[in-house]
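Fold and contact review
Here is what each chain is made of, one letter per residue.
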Amino acid sequence: MNPFQEQLQLMTRRHFFGRSALGLGGAALASLAPGWLHAAPPMHATGGLPNLPHFAPKAKRAIYLFMNEGPSQMDLFDYKPKMDAMFDKDLPESVRAGQRLTTMTSGQTRFPIAPSKYKFKKYGKAGTWVSELMPWTAKMVDDLAIIRTVWTEAINHDPAVTYICTGHQLPGRASLGAWLSYGLGTMNENLPAFIVMTASWTGRKEAQAIYNRLWGSGFLPSKYQGVALRSKGDPVLFLSNPPGVDAHTRRRMLDSLAHLNQKEYDEVADPETQARIAQYEMAFRMQSSVPELTDLSKEPKHILDMYGPDVHKPGTFAASCLLARRLAERGVRFTQIFHRGWDQHFNLTVDLPNQCKDVDQACYALITDLKQRGLLEDTLVVWGGEFGRTIYCQGGLTRETYGRDHHPRCFTMWMTGGGIKPGIVYGKTDDFCYNIVENPIHIHDMNATILHCLGIDHKRLTYKVQGLDMRLTGVEEHGPVKGILA
């Protein structure tokens, strides 16, 4: 094809998009009949890439419960009874083997071992060890794949959480949810494909900051970024019409704006211009769909009771989990809940129980709720943070009080739902919960597994940037964890 034909073809596409974009306003307005808005959403995808999914998916949607700042694995899921006899003894150098430390403990003269003070019991058909801090999670271990051997290279919070959310320790890459939105499209055109909630917490108040780039689109078009759902004021910023502007006026304004944006696109062909049009239209539809989503008044009492008393407090983890179930029902592709406050450097035995109370019953309720509605079989649920904690103590040590530093070399996550083998424990760490003995799983492997459950070959989901084919899981050899796949 010669350059003239290429240009002619491009102009033809622009002409087509121009005519179709000018019809967006009318189509959107016609579709806003009340009965249509509140009907069950169509469960077929629109948008996305034409060759995706690459194979039949086990999951249609995913919910990621992100425990930001690093839950202590040896106090929750990775039982280490031999440590009790080593209380206050120094961590052997042969175990640490010169591994990197944070600046918060690298200056300590000792690294005294702090056994978990919490009792563990076996639960479920496989006899899975679970801490007394997680009694509700213990009830559902037969639905979970508990993975004890996740690891990462990042040792500080911001690089670590950026790494697991976007595949790179430096900011600027597309997040997991943005990749899913880009690749698979949406199953409900009245809600974003990717929604984020940042829940309140009752543990350590001095929590690490999180940034919207963790759910950003990076180098992908901006329409694929996550939309933050707020617990105070408008659920989504700038969703309400300003005083004196009614729905009809807003509709006319958007039609005029779409016309101007289309003229700009015809001149410069910047795809972000089309993204703006799509986002304005989505915001207009969300003026009705979001209030209906966040109205919990019609939820039955027995469902509210299952999530616990915090479900009545907007912005709590329990309320966010109930909203996640409602989003799953409505076909939202990816929901991510960030729960902060897991950074227990000094006062773990006070702060960790509070964090667990925030999430334990709510996680159980979410899984049970999805399961009884027939949604768990095609919804993937992931629980975990950006790294784990050290067996040695940071700060003062007694049998009853201790703190733990960051530990990236092994930590625990769990998964359940579409595509995951239930009722298993995968991987093994050493007696000190410091090194992996069997089945190491890099965070890229975890992300490859999530993509696999949704029908995506992680090596084939790419986006060309500055001459490179970028992908979520980097360029090194990684892949889905076959041992946890159903």
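Residues numbered from 1 in each chain as written. Predicted model: local features only at pLDDT ≥ 70, side-chain atom pairs only at ≥ 80, totals over all residues. Heavy atoms only, no water.

1. A closer look at the pattern of salt bridges
Counted under the stated rule, the structure contains 27 salt bridges. Between Arg330 and Glu329 there is a salt bridge, with its nearest N and O atoms 3.6 Å apart. Among the residues examined, Glu329 registers a relative accessible area of 27% and is labelled partly exposed. Residue Glu329 pairs with Arg373 through a salt bridge whose shortest N-O separation is 3.0 Å. Of this pair, Glu329 sits in helix H11 (residues 317-329) while Arg373 sits in the loop between helix H12 (348-372) and strand E8 (379-384), and the two are 44 residues apart along the sequence. (Salt bridge = Lys/Arg side-chain N within 4 Å of Asp/Glu carboxyl O. Buried < 20%, exposed > 50% of the residue type's maximum accessible area, 1.4 Å probe, protein only. Helix = DSSP H or I, 4+ residues; strand = E, 2+ residues; numbered from the N terminus.)

2. What to know about the packing of aromatic side chains
Enumeration over the complete set of coordinates arrives at 16 aromatic pairs. Their ring planes at 50 degrees and their centres at 5.2 Å tell us that Trp136 and Tyr364 sit as a pair that is tilted. Linking Trp136 in helix H5 (residues 135-139) with Tyr364 in helix H12, this pair joins segments that are 228 residues apart in sequence. The buried category is assigned to Tyr364, whose relative accessible area is 19%. Ring centres of Tyr182 and Tyr224 lie 5.5 Å apart, and the angle between their planes is 75 degrees; on these two criteria the pair is classed as edge-to-face. On the criterion of sequence distance, the pair formed by Tyr182 in helix H7 (residues 176-184) and Tyr224 in the loop between strand E5 (194-199) and strand E6 (227-228) is long-range, its members being 42 residues apart. The residues Tyr182 and Tyr224 share a single accessibility class, namely buried. Taken together, the ring pairs connect Trp179, Tyr182, Phe219, Tyr224 and Tyr463 into an aromatic cluster. Above the face of the Tyr364 ring, Lys139 is positioned so that its terminal group lies 5.8 Å from the ring centre. When the ring centre of Phe87 is taken as origin, the NZ or CZ atom of Arg399, which lies over that ring, is 4.2 Å away. (Phe/Tyr/Trp six-rings, centres within 6.5 Å; stacked < 30°, edge-to-face > 60°. Lys NZ or Arg CZ within 6 Å of the ring centre and 35° of its normal.)

3. Concerning the nonpolar core
Taken as a class, soluble globular proteins show a tendency for nonpolar side chains to be buried jointly. Core analysis: the largest hydrophobic core is formed by 59 residues, its most contacted members being Leu65, Leu76, Met134, Tyr307, Phe317, Trp383 and Trp414. At the level of elements, strand E1 (61-67), E5, helix H9 (271-294), helix H10 (301-307), H11, H12 and E8 are the ones that each hand at least two residues to this core. Per-element tally for this core: the top contributor is H12, with 11 residues. When neighbours within four sequence positions are excluded, Trp414 is seen to be in contact with Leu65, Phe77, Thr137, Met140, Leu144, Ala145, Ile146, Cys363, Ile367, Val381, Val382 and Trp383. Core analysis: the second largest hydrophobic core is formed by 55 residues, Phe66, Leu220, Tyr224 and Phe387 among them. (Core = buried A, V, L, I, M, F, W, Y, C linked by side-chain atoms within 4.5 Å. Contact = heavy atoms within 4.5 Å.)

4. Some words on H12
Structurally, the α-helix is built with 3.6 residues per turn, so residues lying three or four positions apart point the same way. A rise of 1.5 Å per residue sets the reference length of H12, with its 25 residues, at 36 Å; its end C-alpha atoms lie 35 Å apart and thus fit the reference within 8%. Helix geometry: H12 is bent most strongly at Lys357, by close to 30 degrees. Residue Gly374 follows H12 closely and has a positive phi angle near 75 degrees. (Expected span 1.5 Å × (residues − 1). Bend = angle between axes of the 7 residues up to and from the residue.)

5. Re the pairing of E8
With 6 of its 6 residues buried, E8 lies for the most part within the structure. With 4 bridges joining them, E8 and strand E11 (residues 411-417) adopt antiparallel strand pairing. Across the sheet, residue Val382 finds its bridge partner in E11, namely Met415. (Pairing = 2+ DSSP bridges.)

6. Concerning unusual backbone geometry
Looking along the chain, the bond that leaves Leu52 and enters Pro53 is cis, with omega of -5 degrees. Although it is not a glycine, Glu69 sits at a positive phi angle of roughly 100 degrees. When you line up the elements, Glu69 lands in the loop between E1 and helix H4 (93-96). With phi around 65 degrees, Asp88 is a residue other than glycine that occupies positive phi space.

7. Observations concerning the side chain of Asp343
As for its placement among the helices and strands, Asp343 is situated in the loop between strand E7 (334-339) and H12. By relative accessible area, Asp343 is classed as buried at 1%. Excluding its chain neighbours within four sequence positions, the residues that come into contact with Asp343 are Glu69, His157, Arg204, Gln208, Arg389 and His406.

8. Thoughts on H11
Helix length check: H11 (13 residues) gives 18 Å between terminal C-alpha atoms against 18 Å at 1.5 Å per residue, within 8%. By the burial criterion, the buried members of H11 are Phe317, Ala318, Ala319, Ser320, Cys321, Leu322, Leu323, Ala324, Arg325, Arg326, Leu327 and Ala328. In the segment just after H11, Gly331 is the residue with positive phi, at about 85 degrees.

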